[in-house]
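# Fold and geometry: a report
As a plain string of letters, each chain reads:
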Amino acid sequence: MSVTWIASYPKSGNTWVRFLLAHAMGASVEQVDDLGAHIPPVGRVDENDPRLDSDEGLLVKTHHRLTPELPLLERTDRAIYVMRDPRDVLLSCIRYMPFRQAASDRRVLCANLSAPKYARRFVRTGGDPAWALGAYGTWRENVESWTGRTPFPVLTVRYEDLRQNAARELTRMIDFLGWRATPAMIRRAVAKSDFERLRAAEQRRLLARGRPDGARFFACGASGQSLDQIEPGLDEFFDTWFGEHAGAYGYDRRLAA
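A short tour of the structure in this document, coming up. (Residues numbered from 1 in each chain as written. Predicted model: local features only at pLDDT ≥ 70, side-chain atom pairs only at ≥ 80, totals over all residues. Heavy atoms only, no water.)

This next bit is on the overall build of the protein. Of the regular secondary structure elements, the protein holds 11 helices and four strands. Counting over 257 residues, the protein shows a buried share of 48%. Sequence separation of 24 or more characterises 69% of the internal contacts of the protein that already satisfy a separation of 6 or more. Carbon together with sulfur atoms contributes 48% to the accessible area of the protein, which is approximately 12500 Å² in total. (Helix = DSSP H or I, 4+ residues; strand = E, 2+ residues; numbered from the N terminus. Buried < 20%, exposed > 50% of the residue type's maximum accessible area, 1.4 Å probe, protein only. Contact = heavy atoms within 4.5 Å. Areas by Shrake-Rupley, 256 points an atom, 1.4 Å probe, with all protein chains shown as cover.)

Here's what the structure looks like:
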């Protein structure tokens, strides 16, 4: 076994899945920055990492599309792909924008747009405009690349199913990975990865740094949201431009009502 990808389009639940898996490994992780020691992002993998040649292999996080240019592709064993309703992804991108700005030394494309204007640009582009120009691609390109025909097994996990029953979905992932875990271990991993618990830990870190109003990684984690909360008519606009692509993966208007 070598690389197992934890892949997704950004803001689709990848971080939550990594917390669940890290805790299922027996780790104790409270901050996003600490996840890399257990499940590193693709850009921070040491090709000499001994885990790459171990029986357990290495879990690696990526938001890249699955293309022949994907690093470590020749060492890939399997992948878990996390999918989320693009309406919720869009709203999460808006809430995440201050965090992106704070973490970057360059101006983020579209960062100065109002929420309604950003939403319309996202819908017309098929995803965040900056990400669409790079390795992530559009939402549809990203999803299609990982859930279509692939040279290795891929397990698709829906964010909405995680929200409904995280223990069941974590069990599916563990079975797919060939790990062993008791029901008690599953319950403990889910409890340690509870969204409110992670958000509280982030708030404590901001307070400790004297930045209680700082940009947050964890916002609300909601699903099935309406875009009309930003501006009336955006749900209809989404259906016109994006509805067919979203519906092809089960995210039709009924799920976002």
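Counting across every chain of the model gives 11 aromatic pairs. Their ring planes at 85° and their centres at 5.9 Å tell us that Tyr9 and Trp131 sit as a pair that is edge-to-face. Taken together, the residues span a long stretch of sequence, with Tyr9 in the loop between strand S1 (3-8) and helix H1 (14-24) and Trp131 in helix H4 (residues 129-132) at a distance of 122 residues. Geometrically, the ring pair formed by Trp139 and Phe242 is edge-to-face, given 5.9 Å between the ring centres and 65° between the ring planes. Highlighted residues: Trp139 in helix H5 (residues 139-147) and Phe242 in the loop between helix H10 (234-241) and helix H11 (243-247), separated in sequence by 103 residues. Since its relative accessible area comes to 1%, Trp139 is described here as buried. (Phe/Tyr/Trp six-rings, centres within 6.5 Å; stacked < 30°, edge-to-face > 60°.)

This next bit is on unusual backbone geometry. Here Lys11, not a glycine, exhibits a phi torsion of approximately 65°, which is positive. Inspection of the secondary structure assignment puts Lys11 in the loop between S1 and H1. Judged by relative accessible area, which is 15%, Lys11 ranks as buried. One non-glycine residue with positive phi stands out, namely Leu72, at about 65°. Following the sequence through the fold, Leu72 ends up in the loop between strand S2 (58-62) and strand S3 (76-83).

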